[in-house]
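# Observations on the three-dimensional arrangement
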Amino acid sequence: MKYSALKGVHDILPPDIYIWQKAESTAKEIFSAYGFQEIRVPIIESTDIFVRSIGETTDIVEKEMYTFPDRADRSITLRPEGTAPVVRSYIENHLYNLPSPQKFFYSGPMFRYERPQKGRFRQFYQIGVEAFGAAEPKLDAEIISMLKLFLERLRIKELKFEVNSIGCEKCRPDYKKALVSFFSAKVADLCPDCNRRYINNPLRILDCKSSACTELRKGSPKITDYLCKDCQSHFEEFLSLLNILHITYNVNPSMVRGLDYYTRTTFEITSEHLGSQKTVVAGGRYDRLVEEFGGPATPAIGFAIGMERLVEIIKNVNPEFCILSPKVFIAAIGSKASTEGLLIAEKLRSKGMQAELGYDNVSLKSQLRRADKLGSNYVFIIGDDELQSGMIKWKNLKDGSQGEIGIRDAAEFREL
Ligand code: ATP
Ligand code: MG
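Reference entry: report on the structure contained in this document. (Residues numbered from 1 in each chain as written. Chains lettered and ligands numbered in written order. Predicted model: local features only at pLDDT ≥ 70, side-chain atom pairs only at ≥ 80, totals over all residues. Heavy atoms only, no water.)

## Some thoughts on the site of ligand 1
What counts is decided by this rule: Nearness here has a simple test: a residue counts as near a molecule or strand if at least one of its heavy atoms is within 4 Å of that partner. In protein, a polar contact means a hydrogen-donor-capable atom and an acceptor-capable atom, both N or O and within 3.5 Å, with residues adjacent in sequence counting only if both atoms are side-chain atoms; elsewhere, any N or O pair within 3.5 Å suffices. Runs of H or I in DSSP of at least four residues are treated as helices and runs of E of at least two as strands, each being numbered from the N terminus. Under the grouping applied here, Gly and all other residues not named as nonpolar or charged are polar, the nonpolar ones being Ala, Val, Leu, Ile, Met, Phe, Trp, Tyr, Cys and Pro and the charged ones Asp, Glu, Lys and Arg.
Taken together, 15 residues lie around ligand 1, and Arg 112, Glu 114, Phe 121, Arg 257 and Thr 279 are the ones closest in. In this structure, Phe 121 approaches ligand 1 through a main-chain N or O atom, which is 2.9 Å from a nitrogen atom. Between ligand 1 and Thr 279, the relevant distance is 2.9 Å, taken from an oxygen atom to a main-chain nitrogen or oxygen of the residue. For the shell around ligand 1, the secondary-structure elements that each account for two or more residues are β6 (123-132), β10 (279-285) and β11 (300-306). At three residues, β10 tops the list of elements feeding residues into the shell around ligand 1. Looking at the shell around ligand 1 residue by residue, the class counts come to five nonpolar, four polar and six charged.

## Some points on helix α1 (residues 16-33)
Let me state the cut-off plainly: Expected span of a helix, by definition, is 1.5 Å for each gap between consecutive residues, and there is one gap fewer than residues. Under the scheme applied here, a residue whose accessible area is under 20% of the maximum for its type counts as buried, over 50% as exposed, and between as partly exposed, the area being computed with a 1.4 Å probe on protein chains only. Comment: arc refers to directions from the helix axis out to C-beta atoms. Any two residues whose heavy atoms approach within 4.5 Å are treated as being in contact.
With 18 residues, α1 should cover 26 Å at 1.5 Å per step; its first-to-last C-alpha distance of 26 Å lies within 8% of that length. For α1, the full list of buried residues reads Ile 19, Trp 20, Ala 23, Thr 26, Ala 27, Ile 30 and Phe 31. Along the long axis of α1, the arc covered by the buried residues comes to 135°, so they all point the same way. Contacts from the buried residues of α1 go to β5 (102-111), β6, α5 (137-153), β11 and α11 (307-317). Where α1 terminates, the next one or two residues include Gly 35, which has phi positive at roughly 85°.

## Examining the side chain of Ser 220
Looking at where Ser 220 falls in the secondary structure, it is placed in the loop between α8 (211-216) and α9 (229-244). In terms of polar contacts, Ser 220 uses its side chain to reach the backbone carbonyl oxygen of Arg 217, at 2.9 Å. Sequence-distant contacts of Ser 220, defined by excluding residues within four places in its chain, comprise Leu 179, Phe 182, Phe 183 and Leu 206.

## Examining the pattern of salt bridges
Which entries qualify depends on this criterion: Note on definitions: salt bridges are taken to be side-chain nitrogens of Lys or Arg within 4 Å of carboxyl oxygens of Asp or Glu.
Across all of its chains, the model carries 29 salt bridges by this definition. The residue Lys 218 makes a salt bridge to Glu 215 at a minimum N-O spacing of 3.1 Å. Look at Glu 215 and you get partly exposed, because its relative accessible area is 48%. Arg 288 is the partner of Glu 291 in a salt bridge, and the nearest nitrogen-oxygen pair spans 2.9 Å. Classification of Arg 288 as partly exposed rests on a relative accessible area of 30%. When salt bridges that share partners are traced, they join Asp 59, Glu 62, Lys 63, Asp 193, Arg 196 and Arg 197 into one network.

## Some remarks on the sheet that holds strand β16 (residues 402-406)
Heads up, the rule is: Following DSSP output, two strands are said to pair if at least two bridges run between them. Axis lines are fitted through C-alpha atoms, for helices just across the contact stretch, and the angle between N-to-C directions can take any value from 0 to 180 degrees.
The five strands lie next to each other as β13-β12-β14-β15-β16, forming an open sheet whose pairing is mixed. Of all strands in the sheet, those with a lone pairing partner are β13 (355-357) and β16, marking the two edges. Along the sheet, successive strands turn relative to each other by an average axial angle of 25°, direction set aside. Sheet analysis places strand β12 (residues 328-332) next to strand β14 (residues 378-382), joined by five bridges and oriented parallel.

## Regarding the state of the cysteines
This is how the line gets drawn: The criterion for a disulfide is a pair of cysteine sulfur atoms lying within 2.5 Å.
Counted according to the given criterion, the structure contains zero disulfides. Here Cys 171 is not cross-linked by a disulfide; its sulfur's nearest cysteine counterpart is in Cys 231, at 3.7 Å. A disulfide-free cysteine, Cys 191 has its sulfur positioned 3.7 Å from the sulfur of Cys 213, the nearest such atom.

## Notes on the packing of aromatic side chains
Any two aromatic rings considered together are summarised by their centre-to-centre distance and by the angle between their planes. Which entries qualify depends on this criterion: Here a Phe, Tyr or Trp ring, Trp counted by its six-membered ring, pairs with any other such ring whose centre lies within 6.5 Å, and the pair is stacked when the planes are under 30 degrees apart, edge-to-face when over 60, and tilted otherwise.
Under the defined criterion, the tally for this structure stands at 19 aromatic pairs. The interplanar angle of 80° and the centroid separation of 5.5 Å between the aromatic rings of Trp 20 and Tyr 125 together place this pair among those described as edge-to-face. Separated by 105 residues along the polypeptide, Trp 20 in helix α1 and Tyr 125 in strand β6 bring together distant segments of the chain. Judged by relative accessible area, which is 4%, Trp 20 ranks as buried.

Okay, here's the thing in structure tokens:
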């Protein structure tokens, strides 16, 4: 084989594509019910948009971005995530002048130069939402509830909802001090990245994936013990609304998330079906980011769903889920019958029913074999006798029932 796809990228083929489409259409339906509108932002942006928002000492910016100079020597980056471009667009298009909150969802590919492995790709897809202009914990709770509904619609159960609050710029300094003093005796044993982060951004040590740092952070101070009064009451109200909405969750005080822009609420949804890359949804508040980007002070919250991981779960729990197969397969013997079959298929298709035909004048037996392989629900059989009598035989391949329908009425055929 002469050509192959690049390492860490993948084609999405049938039948998997039906699961993707189902997940995407369900997201659109549910998110729209909550007032989220679609936004499409570019795949390429100026590099500094990501460096400024995600943070210089994060994994993404330090080692995962696809950054290159364009022909005019500008530094361009293939988007590694969706929040920064949406925030850029929100400010650039003055969307803050519209009534608050403004709620958007996006869907598309993201790019990160990571070591490819199960659940981790270099081009992967996310569906995400961003809501601007409401600081109230009610919005945080609604967003979690929306995710619950979305996942239920896809018949995914047994996911864990983990929540936390990482406070604001008022509570962060004391917490950082506590972390620095906790790690002071362990610095030498931290991984080289965290050794640097210890000085610049000690919070990042909590998110490090190396086994040394995972071990060393056991017993570290909890951010939830350092929240200021406002952040504390925000978090308490958020949790109480989750209770009222009957959402089962787990408070995980060590979940700080891999991006610097988060404030207050953070959350992740994890699944036991995914092995070690088990986070399928991740998000949180970023109340300062719009202002830091040069917009007006605007609280905001969002999340992103990792689509490959979501599809993997659906394949695990509902293997037969929405595999599209022809409703009707028309098997014809002889060229006249074959033409009649074509006309019937066209009529059925114009009514929106999926119809498939036999080709190449093969035997009835091999046409029926193909109908079966395609997972057809019904087969129509047309031969000389049927042409003469004007009646077509149909058979339900799922339950074996059969009957007849007039050739002229075939377009009116309904699933029984
Ligand atoms: P992780 O801890 O798995 O590296 P992250 O903190 O980098 O995740 P986010 O940037 O918050 O992840 O992205 C949100 C979601 O997007 C993740 O929970 C995951 O489902 C998905 N995701 C992130 N990176 C990848 C990747 N390289 N390949 C596939 N999916 C990914
Ligand atoms: Mg990552």
